[in-house]
Amino acid sequence: MALAIFDLDETLIHGDCASLWSEQMVRLGWVDGESFLRRDKELMDAYGRGHLAMEDYMAFSLEPLVGRTPEEIEHLVGPWVEDVIEPIIFSGATRVIAEHRKLGDRILVISASGTHLVRPIAERLGIDEILGIELDVAHGVYSGKTVGTLTYREGKITRLLEWLDAEEENLEGASFYSDSRNDLPLLLKVDFPHAVNPDPVLLEHAKKAGWPIHLWK
């Protein structure tokens, strides 16, 4: 049994769940729509260029959650996943996940989004094990802060190595699927890297390295 590791945004789904949740918070009336979505786009554009400080994005995107309970957010995220996320799951992703299950591989989603979004989306795909950005809870409500190492760029490696140690697992024969240049550090650590709908930088690297390139729809 080997590990099959998947990025989430633009890899398993056709979109970024954090930005889509930002749009949902606008619909809920939690934020000023125009200014909030403008700032969200600015930060996500920086992410796409590999220039984003993830701490900045998390501080911005978690501010509307401050003072709200995890239970309240979970209650709202569930229907949102069904209505917004499920229709944009790549069929190619579900097929490859099924193939890994058939092989008996252990499946893990590792994402630079918050676990309040990553976990329910992964569960919709039948995946129980995830690593994402952990949100701080103080006195029963979200504080707007994060906990521990952020699962972003090299932080994904740090968190994955911690998980491997705790689970008594290893990366022998592991696969990792991602769309983003930001995941090159982890792609370079696994035996079987896969580029999925890759951005220009990842596409160029994948071509030179001879990695499989998937165009999922």
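Structural data are supplied above this passage.
Residue positions are given per chain, counting from 1 as you read along its sequence in written order. The model is predicted, so local features are restricted to residues of pLDDT at least 70 and side-chain atom pairs to those at 80 or more, both for listing and for counting; the totals for chains, interfaces and linings are taken over all residues. Side-chain numbers come from the whole structure's heavy atoms, not from hydrogens or water.

### A few points about the overall build of the protein chain
Step number 1: Strands are runs of DSSP state E lasting at least two residues, helices are runs of H or I lasting at least four, and both sets are numbered from the N terminus onward. A tally of helices and strands in the protein chain yields nine helices and seven strands.
Step number 2: Just to be clear, the radius of gyration here is over C-alpha atoms, and the globule rule we use is 2.2 Å times residues to the power 0.38. The globule rule puts the C-alpha radius of gyration for 217 residues at 17 Å, and the 17 Å found for the protein chain is close to it.
Step number 3: Expressed as lengths along the three principal axes of its C-alpha atoms, the size of the protein chain is roughly 45 × 35 × 30 Å.
Step number 4: Relative accessible area decides the class of each residue, using a 1.4 Å probe on protein chains only: under 20% of the type maximum gives buried, over 50% gives exposed, and in between gives partly exposed. Split into buried and exposed, the 217 residues of the protein chain put 51% on the buried side.
Step number 5: Within the protein chain, contacts between residues at least 6 apart in sequence are counted, and of these 60% link residues at least 24 apart.
Step number 6: For the protein chain, the exposed surface amounts to about 10400 Å²; the carbon and sulfur share of it is 50%.
Step number 7: If the 21 positive side-chain charges of the protein chain are averaged to one point and the 38 negative ones to another, these points end up 5 Å apart. Contact between two residues is taken to exist if any of their heavy atoms lie within 4.5 Å; hydrogens are not considered. Surface exposure here means Shrake-Rupley accessible area, sampled with a 1.4 Å probe, where a residue is shielded only by the protein chains that are shown. For the purpose of counting charges, residues Lys and Arg are taken to be positive, whereas Asp and Glu are taken to be negative. His and the chain ends are not included. Charge positions come from single atoms, namely NZ of Lys, CZ of Arg, CG of Asp or CD of Glu.

### Overview of the packing of helix 1 (residues 17-27) against helix 6 (residues 115-124)
Step number 1: Put simply, helix 1 and helix 6 touch, their axes get as near as 10 Å, and they point 105° apart. If you check the angle between helix 1 and helix 6, you find them roughly perpendicular. Of the residues in helix 6, those in contact with Cys17, Ala18 and Trp21 of helix 1 are His116, Leu117 and Ile121.
Step number 2: Note on residue categories: nonpolar means Ala, Val, Leu, Ile, Met, Phe, Trp, Tyr, Cys or Pro, charged means Asp, Glu, Lys or Arg, and polar means any other residue, Gly included. A breakdown of the residues in the contact of helix 1 with helix 6 according to their chemical character gives five nonpolar, one polar and no charged. Axis lines are fitted through C-alpha atoms, for helices just across the contact stretch, and the angle between N-to-C directions can take any value from 0 to 180 degrees. Each angle is binned into one of four classes, with values under 35 degrees roughly parallel, values over 145 roughly antiparallel, values of 65 to 115 roughly perpendicular, and all other values oblique.

### Some points on the pattern of salt bridges
Step number 1: Salt bridges, as used here, are contacts in which a Lys or Arg side-chain nitrogen is within 4 Å of a carboxyl oxygen on Asp or Glu. Evaluated as defined, the whole model comprises 14 salt bridges.
Step number 2: A salt bridge links glutamate 129 to arginine 106, with the shortest nitrogen-to-oxygen separation between them at 2.5 Å. Taken together, the residues glutamate 129 in strand 3 (residues 129-138) and arginine 106 in strand 2 (residues 106-114) connect sequence positions 23 residues apart.
Step number 3: For glutamate 129, a relative accessible area of 23% gives the class partly exposed.
Step number 4: Look at arginine 106 and you get buried, because its relative accessible area is 15%.
Step number 5: The residue lysine 156 makes a salt bridge to aspartate 183 at a minimum N-O spacing of 3.0 Å. With lysine 156 in helix 7 (residues 154-167) and aspartate 183 in the loop between strand 5 (175-178) and helix 8 (184-187), the pair connects residues that are 27 residues apart, well separated along the chain.
Step number 6: Connected through shared salt-bridge partners, Arg106, Glu129, Glu167 and Glu169 make up one network.

### Examining the nonpolar core
Step number 1: Note on terminology: a nonpolar core comprises buried Ala, Val, Leu, Ile, Met, Phe, Trp, Tyr and Cys residues joined through side-chain atoms within 4.5 Å. Ranked by size, the top nonpolar core spans 52 residues in total, and within it Leu12, Met54 and Trp80 carry the most contacts.
Step number 2: One finds Ile110, Leu171, Leu184 and Leu187 within the second-largest nonpolar core, a separate group that totals 20 residues.

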